[in-house]
Each structure stands twice: as structure tokens, then as C-alpha cells.
Amino acid sequence: MTPVGAVPPLPLRFVMSGTRVDDLPPTRGEVAIVGRSNVGKSSLINSLANRKNLAKVSKTPGRTQLLNLFELPDGTSVMDLPGYGFANAPAAVRAKWPEMIDGYLLGRANLHAVVALVDAEVGPTKNDQQTLAWLRSHELDVKVVATKHDKVKPSKRDQRRRDLAAGCLLDPKDVLWVSSAKNVNIDELRARITEWLAPVADWHPPAPTRKQRAEARAAASVEPPEPVDEYDDEDEWN
Ligand code: GDP
């Protein structure tokens, strides 16, 4: 385990909030953070950066439902995705989320990993499990992090670790437990995020999807425009 204080805070800077993946500037590498509302996502982003109010920008009314982008000085970035478990959101907003989030998760170039937050005390919920299944079905590199470690009594932790990991279809050693409130494993998570953001040496672009292939075929079958003779009006030269 990385000793406390061993890893400097991630110097995250808020860049923008967007609704579509196409609105976002390109990145050299990105890690996205997902979790249901109240899982402790904002507190964790603040802890990673060691800033009190960094994630406040994403909590600003209207922004909680957007793609909130934070960047690091080296051109890599962290995406704060809207929380799911949308009980209080108006139906019109709710209806838009899946498309926005799917569009981002499936369309973002250089998305290296998705950190899925699960509440250590109560998780994984059914919603968490559905989200994990969806992410895995799309072959995204999912990293499960359990939040609010301090809320689980020390005497219950071993059992809880096993139950939570089993609920996420993982081995307990593959779930990192953190606490923003008590600064548990925040250094370790900073170190891991830095590692996940590093360029992937043997990365190859994913094979095109059926839709992309169909679009490419359609584009290829369009007749190219007639070549234009730039010196058509020869009179001008005589
Ligand atoms: P978000 O909705 O996922 O962004 O969650 P927040 O970061 O706003 O946290 C939701 C609630 O959980 C707040 O009351 C936080 O103070 C609390 N919380 C967040 N992290 C921790 C933690 O590590 N330990 C404890 N005990 N509470 C936490």
C-alpha cells in the first residue's frame, strides 16, 4: 500500500461541462468516474486534488447532469460523469442521460479506464450491478473503488469486503477501499489513476463498429466531385 502523503495531489483543473462527447476537447488519456448519486464522487474528486471545492463546479445546479471535464497539466484528464439513481431528476432530463453517457463512454477517444464507485456500506446496489454489467459488456476497463470505508465498522470490514467484491463479480483484492473523510487509500488511488492515464504502449484503435463500417461504405460510394480545372478561363492568361 502506498504510504499516506507519498503521492502529491492531482493538480486537476476544471475545463468545461458538456452534453455531447463531440463538445469535448481531445485528450491524451482519460479516466472517467461513475457512481450513483451520493456515493461520494465529489468528495473523492476533491480529495484526489486536495481541494475543498473543486467538485463544487460539478455540483452547481444544471451541471450535475452534464459531462464535467477536469484536466491535468500533461494533457490527460478526468471525467466526472453524472450520478445515476435519478429519483429526483425531472423525467425530461432523465430521458437524456443514458444517451449522453452512452455516447461518451462508447465514443470518447483515449478513454483508458472507468472508475466505478460503490458505497462500501451499502453497495453494490442493483443499479451499480447493472452499470458494471453494461460497462463490461462494452469491454471498458472497469476499476471498482469502494467509497466511505470509514463507515464500515472495523469488525465487519472483512465480511463486507468479501460481500461487496462478490456482488461486483470480483476478487476482494481487486476492489480498492477508500475514504475521503479519513484519507484512506487516497494516495493509492492517485497513484493508480496516474498509472491508468499513462499512454497505452500497445494500444491499437478498436475495430470499427458495424455502424461505422456502414457509414464508411456509404461515404465511399458517393461520387467524388468533378475535378475543376482551375485554369478554365484561359483567356485570362492570353
Ligand atoms: P456525490 O453525490 O456522489 O458527489 O457524493 P458527495 O461527495 O456529495 O457525498 C455524499 C455524502 O456522503 C455527503 O454527505 C458526504 O459528506 C458523504 N461522504 C462522502 N465521502 C465520504 C467518506 O469517505 N466518509 C463518510 N463518512 N462520508 C462521506
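Computed from a predicted structure; not experimentally measured. (Residues numbered from 1 in each chain as written. Predicted model: local features only at pLDDT ≥ 70, side-chain atom pairs only at ≥ 80, totals over all residues. Heavy atoms only, no water.)

A. Region of interest: the overall build of the protein. Of the regular secondary structure elements, the protein holds 7 helices and 7 strands. Going from N to C terminus, the protein has its helices and strands arranged as β-β-α-α-β-β-α-β-α-β-α-β-α-α. For the protein, with 238 residues in total, the buried portion stands at 41%. As displayed, the protein offers around 14200 Å² of accessible surface, 53% of which is attributable to carbon and sulfur atoms. (Helix = DSSP H or I, 4+ residues; strand = E, 2+ residues; numbered from the N terminus. Buried < 20%, exposed > 50% of the residue type's maximum accessible area, 1.4 Å probe, protein only. Areas by Shrake-Rupley, 256 points an atom, 1.4 Å probe, with all protein chains shown as cover.)

B. Spatial organisation of the site of the ligand. Around the ligand, the structure places 14 residues, and the nearest of them are Asn38, Lys41, Ser42, Ser43 and Asp150. Measuring from an oxygen atom of the ligand, one finds a side-chain N or O atom of Ser179 at 3.4 Å. Alone, the ligand offers 570 Å² of accessible surface; in the complex the protein occludes 70% of this. Of the residues that constitute the shell around the ligand, the class distribution is 2 nonpolar, 7 polar and 5 charged. (Near = heavy atom within 4 Å. Polar contact = N/O pair within 3.5 Å; in protein donor to acceptor, adjacent residues only side chain to side chain. Nonpolar A, V, L, I, M, F, W, Y, C, P; charged D, E, K, R; others polar.)

C. Region of the structure containing the pattern of salt bridges. Under the defined criterion, the tally for this structure stands at 12 salt bridges. For Asp23, the salt bridge goes to Arg20, with nearest N and O atoms at 3.7 Å. Since its relative accessible area comes to 35%, Asp23 is described here as partly exposed. The partner of Lys173 in a salt bridge is Asp174, and the shortest N-O contact between them spans 3.6 Å. (Salt bridge = Lys/Arg side-chain N within 4 Å of Asp/Glu carboxyl O.)

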